[in-house]
Amino acid sequence: MTIDTALTKLVGVRHPLVQTGMGWVAGPRLVSATANAGALGILASATMTVDQLRSAVREVKSRTDAPFGVNVRADAGDAAERVGIVIDEGVKVASFALAPSRELIARLKDAGVVVIPSVGARRHAEKVAAWGVDAVVVQGGEGGGHTGSVATTVLLPQVVDAVDIPVVAAGGFHDGRGLVAALAYGAAGVAMGTRFLLTSDSTVPHPVKARYLAAAVQDVTVTTKVDGLPHRMLRSELVDTLERSGRAASLWRAVRHAAAFRRETGMSWAAMVRDGLAMKHGKDLTWSQVLLAANTPMLLRAAMVDGRTDLGVMASGQVAGVIDDLPSCAGLVDRIMAEAQAALHGLPHPD
């Protein structure tokens, strides 16, 4: 079954499903498997160097002829260079976790790239729509990673009513019933992170996947102790430690993680502080939180790459508590579309 929506027509995919650009998770294997399944895969670039990004894009292109996207951190110092790679390599979609500048939007659109930022509030959707983006992903509070407090069921219809571009719903989706519900609200599709993380095509280590599969809904928590911002993740030993730690211990831990991140990425201390300050802007963060904000990717890497659930954080949507299997991306997409068909046929029809 296929469902044609404004999203499928805009980006050229068969199904109105998006795999989000999760750092350390959404690499070439997962993105190409998603694309080959007929959904839109988004490559996560924030945890890659510029050279690694170009190589990853080319690897995805070698694995699939289907459209895919690249997620770029709009506030990164090298965002313009990364956008250049998206354009040069003919990537279909540019995704952003924060609002890109008008200049970046114009540059991408002039090159024929579809621009789809993620937003967490109606006013943000209105702003980027006025700047000319092609669509928005709107994430409700159920979503994993950095998240807001407004539920998807409240936020989604607000945004749909506020803008005249396609809206993709994120936060709380994992099956065909959710897709039908989102379409009923006026969305053009759904974006899912945790559901695609928990597939056989995901490179996340099996012990980490097992932690997700074992989690109940109440095991998915929101904490501000990682980087000062509301962050939805699985409760773990590290989260418990951070929430008990005093300021001195938090600062020492932040410095150690920052040093590891600098060695891994080759970033200078000045660049890391700049990135941290960009996150600090307008927020009341301590210096330890600034450092953690700048190197949160290392905390994610510890779990998502190294399998150290005791030392890393595991960003997670609330849906982790209701997911209990690891299908392939192809199997997942086919199942979701079959469930959507069954849900649509099961709806009462007016006489």
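See the structure shown above.
A brief report on the enclosed structure follows. Here the structure is a predicted model, which is why all the values come from computation and not from measurement.

**Focus on the sheet that holds strand S10 (residues 220-223)**
Stage number 1. Judged by pairing direction, the sheet is antiparallel, and its 3 strands sit side by side in the order S7-S11-S10 without closing on themselves. A strand with exactly one partner marks an edge of an open sheet, and here the two such strands are strand S7 (145-146) and S10.

**With respect to the nonpolar core**
Stage number 1. Within the largest apolar cluster, 85 residues are counted, with the highest numbers of intra-cluster contacts made by Leu17, Leu43, Val70, Phe96, Tyr212 and Met304.
Stage number 2. Ranked by the residues each element gives to this core, the list is headed by helix H15 (residues 329-346), at 6 residues.
Stage number 3. Sequence-distant contacts of Met304, defined by excluding residues within four places in its chain, comprise Trp24, Val25, Leu197, Thr203, Val204, Pro205, Val208, Tyr212, Val313, Met314 and Ala315.

**Some remarks on the sheet that holds strand S2 (residues 40-44)**
Stage number 1. As summarised here, the arrangement of the 8 strands in space is S1-S2-S3-S4-S5-S6-S8-S9, forming a closed barrel in which the pairing is parallel. Each strand of the sheet is rotated relative to its neighbour by a mean of 25 degrees, with strand direction disregarded.
Stage number 2. Two strands pair when backbone bridges link them, and S2 and strand S3 (residues 68-72) are joined in this way by 4 bridges, in the parallel orientation. Directly across from Leu43, in S3, lies its bridge partner Val70.
Stage number 3. Helix H8 (residues 176-185) contacts strand S1 (17-19), strand S8 (167-170) and strand S9 (189-192) of the sheet and is inclined by roughly 130 degrees relative to S9.

**Digging into the side chain of Thr147**
Stage number 1. Tracing the chain through its elements places Thr147 in the loop between S7 and helix H7 (152-162).
Stage number 2. Separated by 3.3 Å, the side chains of Thr147 and Gln139 make a polar contact.
Stage number 3. With residues up to four places along the chain from it excluded, the contact list for Thr147 reads Gln139, Gly140, Gly141, Pro230 and Arg232.

**Things to note about the packing of aromatic side chains**
Stage number 1. The final tally for this structure, using the stated rule, is 0 aromatic pairs.
Stage number 2. Between Arg301 and the ring centre of Trp24, over which it is positioned, the NZ or CZ distance is 5.2 Å.

About the criteria used
What you see as residue numbers is a count from 1 along each chain, following the sequence as written. Note on the predicted model: pLDDT of at least 70 is required for a residue's local features to be given, and 80 or more for side-chain atom pairs to be given and counted; whole-chain, interface and lining totals, by contrast, use all residues. Neither water nor hydrogens contribute to the side-chain values; these are computed over all heavy atoms in the structure. Strand pairing requires that DSSP identify at least two bridges connecting the strands. Segments assigned H or I by DSSP are reported as helices when at least four residues long, segments assigned E as strands when at least two residues long, and all are numbered from the N terminus. Nonpolar core, defined: a set of buried Ala, Val, Leu, Ile, Met, Phe, Trp, Tyr and Cys residues in which side-chain atoms within 4.5 Å join the residues together. Think of it in three bands: with a 1.4 Å probe and only protein chains considered, a residue is buried below 20% of the maximum accessible area for its type, exposed above 50%, and partly exposed in between. Residue contacts are counted whenever heavy atoms from the two residues lie within 4.5 Å of one another. Fitting a line to C-alpha atoms yields each axis, with helices limited to the stretch in contact; the angle taken between N-to-C directions then spans 0 to 180 degrees. Throughout this description, a polar contact denotes any pair of N or O atoms lying within 3.5 Å of each other; where both atoms belong to protein, one of them has to be capable of donating a hydrogen while the other can accept it, and for residues adjacent in sequence the pair is counted only when both atoms sit in side chains. We call Phe, Tyr and Trp rings a pair once their centres come within 6.5 Å, taking the six-membered ring for Trp, and we label the pair stacked below 30 degrees between planes, edge-to-face above 60, and tilted otherwise. For a lysine, the NZ atom is tested; for an arginine, the CZ atom; a charge sits over a ring if that atom is within 6 Å of the ring centre and within 35 degrees of the ring normal.

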